[in-house]
Structures are given as C-alpha cells and as structure tokens.
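Commentary on secondary and tertiary structure
Residue strings, one per chain:
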Amino acid sequence: MGHDLIQIGAGQPQGLPGGAVPATAEFAIASTGAGTGKTFYIETFGCQMNVHDSEKVAGVLVQRGYRPVHRHEDADIILYNTCSIREKAAQKVFSRLGAFRKATSAEKKIIGVLGCVAQQEGDRFFERAPQVSLVCGSASYPQLPDLLAQIESGNRRVKGLSLDTEDCFETEFTRRDNRFRAYLTIIEGCDQRCAFCVVPMTRGPERSRSGAKIIAECQRLADAGYTEIQLLGQIVNAWRDPSAARWSFAELLSRVAEVPGIRRVRFTTSHPRYFTPDIVQAIDSHPALCDQIHLPVQAGSSDVLARMSRGYSREDYLEKIDCVRKARRAISLSTDIIVGFCSESDEDFEKTVTLLREVEYDQVFSFKFSPRPNTAASEFGDTVPEEVKSFRLAALQEVQRQIQVRRNQTLVGQKFEVLVEGCHPRLGQAVGRTTSNRVLNFPGDSDDLGSYRQVRVTSVGPNSLVGERVEEN
Ligand code: 5AD
C-alpha cells in the first residue's frame, strides 16, 4: 500500500508551516544531537515500514551524535532506504547514486544504501556503485551501531546482509517525522511465499515483537503527545505474541486501543489468510480501533490467486469481506491489485473488475505486474504484454474512480470527526482525516494541527472530501 516516494524531511516535521518546531518530547531528544558537527540525510522510498525503519535509523544516528539535515549537499552521511517491490522502485536508487559518480564533493561523504535493494544486490553494490560505503538490509539493522562504528573508523566497504536473524530492530530512541501518527512495527519479515513478491527475500524471516514491549512503546507515544498509532508489519495480522502471554493479534489490538491517550489505532497490511472474525469483533468493541481495513486481494480470479500462492480463493476472500460488512460500524475497505500477472487472461482480469464492483472498496492501489528476482513468478514468465497491462490498469482505475465518486457522494451532509494532519496556510485550508481514512479538507489554519475537529461534508471528489466546521458538542 502506498508505495510512493516518500522523503523523510530530516528535521522537517510534516504539516508545519515555516518549519515550526513541534512540541513532542521525541523531537526534544532529537535536537540534542546538534552541535557535534556530523550530519546525516536519509531519503526513503517505498512502504510505511521503510518510512518507519528510517525513523529508527535516524534515532540510532542521533544517539551517536549525528544531526539531521534537509539537503544531501549538507550531509556527511547520505543514506538511501530503498524499495524493491517493483522494478521501477528499485531503479530509483541507481539514479540517485548516478549523481555522485563524478561529483568531487562526494569524496568526503559517506554514502549508504539500506533496505530491500541493498539486501537484493548485496556485495554487487560496491562494484556497481563504488561511491557506496555501506550496504545494509533491514534484517541487519540491529547491527547498525557496529556497522556505523566501522564506518567511523575509516572502513569504506561495510555491509550487513545476513538474513539469518531472530531479532527485531529495537531502538532506544526513534526520531519520528510525523507528529500526528506514530508508526510502530510489531512484526518484521515475511514467511509467505506469494509468487510475485520479493519481500521474503529482502526482509528475512517473520519475527514478532513481544506484546509487552509494544504496549510499553504505545504508552511512551501517548506520553509524548501522540493520539494516533499505526501498527505495521508486512503481514501485520500474522503477529503472534512470542512471550508467554501468547496474545492473539486481536487481543493486541484491543490492548493498544485501551492505552490511555490513544484515540486512533490503525494497522497495515493485513493478509486475508490471517484475517479472522475476532479482528472485526475487536473493532466493534473498541471505538479507538479505526473504521478502516486494508485487505489486499491482488486478483479476482481464483486461478490467478492459486498461481500467486495467496492461500485463498475469490470465495474465501469474499467471506472475509462479508464478515467486515456485518460489523456494527461501517468499516471502510481498501485493497491492492496486481494486473497482468503471468498468464492473466481477459476473463481473469474481468473477474478482478467484478470483484471491485461487488466489494465497492473506498480505495484501491493498483499496479502492473513486475517480475522480481528470485521469486517463483520470475520463472513463470512475464507473459502479458505491456500494452495489455496498461490497458487493464487504466480500465480498472476508471471503474474504481466511479465507485469512489458514487460512494463519496453518499457522504455529503454527514458529520465526521477528523484529526487535522496538515494545512495550506495560503489557501486557508486544513487537511483532516476521518477514522475511515478519508481526507477531508475544510477552512482552517495551523491552530487546528493535531486537533480533532467536527466537520460536515459539503462536496466530494473521488479521492477526497470538502467540508465545513461544525460546532462541537
Ligand atoms: N509486481 C507488481 N506489484 C507488486 N506488488 C508486490 N509485488 C509486486 C510485483 N512483483 C504489489 C502488491 C502488494 C503491494 C504492496 O505491491 O499489490 O500488495
């Protein structure tokens, strides 16, 4: 979900005009790294897990005395946290590195590559891009302090590439960039072998953090002023408490929702295979659990799903949706779709379209199949021509656009509580988000940031809503 380029604006909190300093305890700690002279810049590509990994890496660096800067030109260490989910995403880091090939100013800089492309390319990075001094996959982040110590002592070929780990990346301090929504990883790695997906090869085996550690972190986040927490995992609902307490994922959700001060809890990404009715029951019983579930289906044809090794059929998936639809609260649904997977026929594709019409998602993230190294699907052959993939993607997006317009129109006149996450001072607009994850713009300013406001919807587009503030009561 949301595999867009996201730049962690080192030191630049989101949603604040003019670089105002946010009043969170976490930022106060971040600032103590200033003055040592060493600086770093991180650019992040890909998913929320990567965004949050970068926040933790930044925490490790700040604790070692490094100071974040906004521009790579000003940094002693430049880190790229990479994404390899599709070929296009993987290429981005090479175009960034290209800029340093001849630059003499790069000579004194340390350039490091983190994340999924680092893991995938491994040692080859040093040959392909000799300007790179550090190559480290996410399974090796627990070793980052050692790796940084090696860099500091002058080693210019430092790597962390072992996938053989049972450890999670625990940090004493995480330098969170988002003031309003705190990301919190509960499970790392992935043991599924979906035929298309590179993640098990790049992020290593599944490992869950203990329930007690997660709750303690939630409490610290609430104390630091966060009211919204987003629990993260490649398959977040595969989380199982490794401690003797043995909480289920649904129990964990309930306990996070009960942490005093936490008003909103989201979790992503759920795999349909592990999506059990107790998750819906937990949402029903805990108002703090948001009215939102992201449940990637990938395809509407059971044949394609079987070739993808997803572990469910179209019918199985629709049963899960039925369970969500029967909840006491209306729960907003979103999904991921891959078009043009190996041997996907016109009839297969049509089944994806009918599934979208049947489920009526509120949001769909859709992608053209991109063969990835060392996956089962890379052996099947990339049989669907590029033009067909493009045609199917456009057709699917148009169907979904109409669904969203229609669904959003039913919201006109309704009142929602939004958490204000941003603002456009020049437009006099505040940007809020409803519990169902819809963006709702309304007249407001920076005073609204971080607050919960009641807003009535006055008009809608396919991707966002517009409204006006109503009296709180
Ligand atoms: N090609 C295209 N899309 C992919 N995704 C994962 N692997 C691939 C691939 N090889 C999509 C899936 C997943 C989302 C994060 O990215 O839809 O849910």
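Every value quoted in this text rests on a predicted model; they were computed, and no experiment measured them.

On to the overall build of the protein chain, then. A count of helical and extended segments in the protein chain gives 15 helices and 19 strands. Against the globule reference of 23 Å for 473 residues, the protein chain gives a C-alpha radius of gyration of 22 Å, in line with a compact fold. When the backbone C-alpha atoms are referred to their principal axes, the protein chain occupies close to 60 × 55 × 50 Å. For the protein chain, with 473 residues in total, the buried portion stands at 58%. In the protein chain, 74% of the contacts between residues at least 6 apart in sequence involve partners at least 24 apart. Here the protein chain holds 59 positive side-chain charges and 60 negative ones, and the gap between their average locations is 3 Å.

Attention now goes to the sheet that holds strand S14 (residues 363-368). The parallel open sheet is built from 3 strands, whose spatial order is S12-S13-S14. Taken across any chain shown, the strands that pair with only one partner, and hence form the sheet edges, are strand S12 (292-294) and S14. Strand after strand, the sheet turns through a mean of 10° between neighbouring axes, direction not considered. By the bridge criterion, 6 bridges tie strand S13 (residues 332-339) to S14 in an arrangement that is parallel. What sits directly across from Thr335, in S14, is Val364.

On to the environment of Ile42, then. Positionally, Ile42 belongs in strand S2 (residues 39-45). Here the alpha-carbon distance between Ile42 and Arg71, two residues 29 residues apart in the chain, equals 9.2 Å.

Bringing the confidence of the model for the protein chain into the picture now. Residues with a pLDDT of 70 or more make up 91% of the protein chain, whose mean pLDDT is 91. Below pLDDT 50 for its whole length, residues 1-35 participates in 93 contacts with residues either more than four positions away or in separate chains.

Criteria and thresholds
- Residues numbered from 1 in each chain as written.
- Predicted model: local features only at pLDDT ≥ 70, side-chain atom pairs only at ≥ 80, totals over all residues.
- Heavy atoms only, no water.
- Helix = DSSP H or I, 4+ residues; strand = E, 2+ residues; numbered from the N terminus.
- Rg over C-alpha atoms; globule rule 2.2 N^0.38 Å.
- Buried < 20%, exposed > 50% of the residue type's maximum accessible area, 1.4 Å probe, protein only.
- Contact = heavy atoms within 4.5 Å.
- Lys, Arg positive; Asp, Glu negative; His and termini not counted.
- Charge placed at Lys NZ, Arg CZ, Asp CG, Glu CD.
- Pairing = 2+ DSSP bridges.
- Axes fitted to C-alpha atoms, helices over the stretch in contact; angles between N-to-C directions.
- pLDDT = per-residue confidence, 0-100.

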